[in-house]
Amino acid sequence: MKILLYNPDNGVTRNFMPHLWMFLLQALTPTGHEVVLIDGNAQPMDEEGIARYVREQNVGLVGIGAMTRMIAKAYRMADAVRAMGVKVVMGGPHVTEMADEALGRDGGSRHADAVALGEADETWPRIVEDAVRGTLKDVYAPVDDFGQERKPSLQSYPEIPWDKIKLDQFNLLPGILQPLLKRIGAGWGTFRIIPVESGRGCPYGCEFCTVTGFFGDSIRFRTNESVVKELLLLKARAREEGGQIAVFFIDDNFAINVKRTKSLLRDIIAADAQVHWVAQISANLLRDEELVDLIAAAGGKWIFIGMESIDPANLADVKKGFNKPGEYGVVLDRLAQRNVFAITSFIFGMDNDTPGVAERTLKEIRSWPPGLPIFGLMTPLPATPLYKKLEAAGRLTRPKHWQEFIPFAMAHTPLKMSIDEAHNEVRKGWISSYNPEAIERAVDSLNHKPLGYRINILIARLCFRGIYFPQMGRFAWMKTILENRRTIFKLIKQGFRGGLHAAVPSVATQPVTERRD
């Protein structure tokens, strides 16, 4: 049987990185089946396109995984596939919490023939076998013999054959630039960001987060040997292709067990398995000087930190009081001293926020080393404690906001500002951080560093600008480049002074700010 695993885009913005679940399920599929992958972020496709693909390729089963912001598109694509008479299995965080919605048991249309709840490591092989026999069940859940939920161990993690998987759709280099980069920058035939997980689960239970509900608070890890082997495989592929590969560790908190993380980083260093990587780590765990030393030595270049707010009252309100705003600057300085920089995430529209929160936050950001600040709105995701609290208080303005995804739009009423005021605060945060003047300041602040670091921050800022101001086509990119021509020409001039090869950094990562919803 031919199986298509499809991950939708949300129709508005695109991610920079493929989703790991597709590769993982491909590796877990029983032998004798052909599995093809399509990520809508890298290979755009509409309903007519997926229906045509399924028909022409004689696909017998389609698996669709989606987070909440993608679910409306996922349902439309699933409907198109089912209209062709092909079975659809859906899974992911949203479907796990809203299985009745996907199955049409809530009074709405049915979108899936079957749903996979939670982690599908153990259930996916059974789903494929049942699909072949024509005996698909409505619901597949990872439970033990006593009907209790079971979280899969990661000790026998499947090998993902990165050396053989076709990755053409995930090359991030625009085609127009590839000939130039091949000529002036050795090793730039391709550039990809590859998702890797070393562990699952988070014990913190932040009120707005889906992670604890989906993966649980029981932390599980792969073996160090397994992770190192995967990094070596990716490193070898990049070398053979004459390209670049960066890794995004998608663990919800890469250093949640500091002792184990240090052990893994030491093994990466000992095996010479360093690739440039990004990981998500809480600020409180970065107090450890030895940990930060090892991060830098093991290839870490960017750390995603969910700061959320500079107001301790806000943090306490959402059960994230372990974040201490007073130490944010110290943590970022500690990273920057080792040439590791931060993606700092902030949420506006929290209950203690008032008009002016953007400027107050920006004032703090300007005192820190240059990084990649991102701004979002407090969003009540299904089944989270935040959603239940706001629903009980009658504060939800769009109770099923996911049915019509609107980027950067609130679904509830804040306490101390209006919805429009919250929207304006987010817009101010993005404009103030990613206008040409702000990008130039960030680049110039690294004048004491080698040229590669300045190019790195320029490329990263230009790409992250696209989260709020989508750069979906050639014209949009040309406009962005033109707006930032002063900074670009400055770097080109410096590059020619130092030689052409000095103008291209070893890897200019474009990390994804992708939490698991």
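Residues numbered from 1 in each chain as written. Predicted model: local features only at pLDDT ≥ 70, side-chain atom pairs only at ≥ 80, totals over all residues. Heavy atoms only, no water.

Asker: Mind laying out the overall build of the protein, listing which residues take part and the relevant values?
Answerer: Within the protein one finds 20 helices and 14 strands. Against the compact-globule benchmark of 24 Å for 517 residues, the protein has a radius of gyration of 23 Å, which places it among compact chains. C-alpha extents for the protein along the principal axes are approximately 65 × 55 × 50 Å. Looking at the 517 residues of the protein, the share that counts as buried comes to 57%. Here the analysis covers contacts within the protein between residues at least 6 apart in sequence; of these, 74% occur between residues at least 24 apart. (Helix = DSSP H or I, 4+ residues; strand = E, 2+ residues; numbered from the N terminus. Rg over C-alpha atoms; globule rule 2.2 N^0.38 Å. Buried < 20%, exposed > 50% of the residue type's maximum accessible area, 1.4 Å probe, protein only. Contact = heavy atoms within 4.5 Å.)

Asker: Talk me through the sheet that holds strand E3 (residues 61–65); I want residue IDs and the actual numbers.
Answerer: Read across the open sheet, the 6 strands follow the order E2-E1-E3-E4-E5-E6; overall the sheet is parallel. Where the open sheet ends on each side, the last strands, each with one partner, are strand E2 (34–39) and strand E6 (139–140). Taken together, the 3 bridges between strand E4 (residues 87–91) and strand E5 (residues 114–116) define a ladder with parallel strand orientation. Paired with Met 90 across the strands is Val 115, a residue of E5. Each of strand E1 (2–7), E2 and E3 is contacted by helix H1 (residues 20–28), which is oriented at about 160° to E1, the strand it contacts most. Across the sheet, helix H2 (residues 47–56) lies against E1, E2 and E3, angled at about 165° from E1, the strand it touches most. (Pairing = 2+ DSSP bridges. Axes fitted to C-alpha atoms, helices over the stretch in contact; angles between N-to-C directions.)

Asker: Requested: an account of the layout of surface pockets, with residues and values cited.
Answerer: It is a probe the size of a water molecule, rolled over the atoms, that shows where empty space is left. If you add up the space inside the second largest pocket, you get close to 370 Å³. Ile 365, Arg 366, Trp 368, Pro 370 and Arg 461 are the residues nearest the centre of the second largest pocket, which is lined by 22 residues in total. Elements supplying a minimum of two residues to the lining of the second largest pocket: helix H13 (328–336), strand E13 (341–348), helix H14 (357–366), strand E14 (372–377), helix H16 (419–434) and helix H17 (436–444). Looking at the lining of the second largest pocket, its residues break down into 14 nonpolar, 5 polar and 3 charged. (1 Å grid on protein atoms, 1.4 Å probe; cavity = no way out; pocket = protein on both sides within 12 Å on 5 of 7 lines; lining within 4 Å. Points joined across faces, edges and corners; volume = space filled by probe spheres on them. Nonpolar A, V, L, I, M, F, W, Y, C, P; charged D, E, K, R; others polar.)

Asker: Would you mind going over the packing of aromatic side chains in detail, with residue names and values included?
Answerer: Evaluation of the coordinates by the stated rule reveals 18 aromatic pairs. With a centroid separation of 6.1 Å and an interplanar angle of 75°, the aromatic rings of Phe 408 and Trp 430 are classed as edge-to-face. Note that Phe 408 is positioned in the loop between helix H15 (385–392) and H16 and Trp 430 in helix H16, a separation of 22 residues in sequence. Judged by its relative accessible area of 27%, Phe 408 falls in the partly exposed class. A connected cluster of aromatic rings, assembled from ring pairs, spans Tyr 328, Phe 346, Phe 348, Trp 368, Phe 375, Phe 408, Trp 430, Tyr 434, Tyr 468 and Phe 469. Across the ring face of Tyr 157, the terminal group of Arg 222 is positioned such that the distance to the ring centre comes to 3.9 Å. One cation-aromatic arrangement involves Arg 461 over Tyr 434; the distance from NZ or CZ to the ring centre is 5.4 Å. (Phe/Tyr/Trp six-rings, centres within 6.5 Å; stacked < 30°, edge-to-face > 60°. Lys NZ or Arg CZ within 6 Å of the ring centre and 35° of its normal.)

Asker: Residues and numbers for the pairing of E1, please.
Answerer: The buried count for E1 comes to 6 of 6 residues, which makes it a mostly enclosed element. Along E1, one buried face is formed by Lys 2, Leu 4 and Tyr 6 and the opposite face, lined by Ile 3, Leu 5 and Asn 7, is buried too. Note: E1 against E2, 6 bridges, orientation parallel. Opposite Ile 3, over in E2, you have Val 35 as the bridge partner. Across 4 bridges, the pairing between E1 and E3 is parallel. Directly across from Ile 3, in E3, lies its bridge partner Leu 61.

Asker: Tell me what's going on with the packing of H2 against helix H3 (residues 71–82), and back it up with residues and numbers.
Answerer: Packing of H2 against H3 brings their axes to within 9 Å, and their N-to-C directions diverge by 40°. Taken together, the axis directions place H2 and H3 in an arrangement best described as oblique. The interaxial crossing formed by H2 with H3 has right-handed handedness. Contacts between H2 and H3 pair Glu 47, Ile 50, Ala 51 and Val 54 from the former with Arg 76, Met 77, Ala 80 and Val 81 from the latter. Residue composition of the contact of H2 with H3, grouped by class: 6 nonpolar, no polar and 2 charged. (Parallel < 35°, antiparallel > 145°, perpendicular 65-115°, else oblique. Left-handed = near helix turned anticlockwise from the far one by under 90°.)

Asker: Which residues make up the sheet that holds strand E10 (residues 244–249), and what values go with them?
Answerer: Pairing within the open sheet is parallel, and its 6 strands lie in the order E7-E10-E11-E12-E13-E14. Of all the strands in the sheet, just strand E7 (191–196) and E14 have a single pairing partner and so form its edges. Shown here is a sheet whose adjacent strand axes are inclined to one another by a mean of 20°, direction ignored. Helix H18 (residues 451–468) contacts strand E12 (300–308), E13 and E14 of the sheet and is inclined by roughly 15° relative to E14.

Asker: Break down the confidence of the model for the protein for me, citing the residues and quoting the values.
Answerer: Averaged over the protein, the pLDDT score is 90; the fraction of residues at 70 or greater is 92%. Taken as a whole, residues 500–517 scores under 50 in pLDDT and shows 88 contacts with residues more than four places along the chain or in a different chain. (pLDDT = per-residue confidence, 0-100.)

Asker: Which residues make up the environment of Leu 451, and what values go with them?
Answerer: Mapping Leu 451 onto the fold places it in helix H18. Note on Leu 451: relative accessible area 11%, which makes it buried. In this structure the C-alpha to C-alpha distance between Leu 451 and Ile 492, which are 41 residues apart in sequence, comes to 9.9 Å.

Asker: Can you lay out empty space enclosed by the protein for me, pointing to particular residues and giving the numbers?
Answerer: The full count for this structure, using the stated rule, is 4 cavities of 30 Å³ or more. Considered as a void within the structure, the largest cavity measures approximately 640 Å³ in volume. Taken together, 35 residues line the largest cavity, and the ones lying closest to its centre are Trp 21, Gly 92, Pro 93, Phe 214 and Phe 215. Only E1, H1, E3, E4, helix H6 (123–133) and helix H8 (211–215) provide two or more residues apiece to the lining of the largest cavity. For the lining of the largest cavity, the element with the highest residue contribution is H1, accounting for 4 residues. Considered class by class, the residues forming the lining of the largest cavity number 21 nonpolar, 7 polar and 7 charged.

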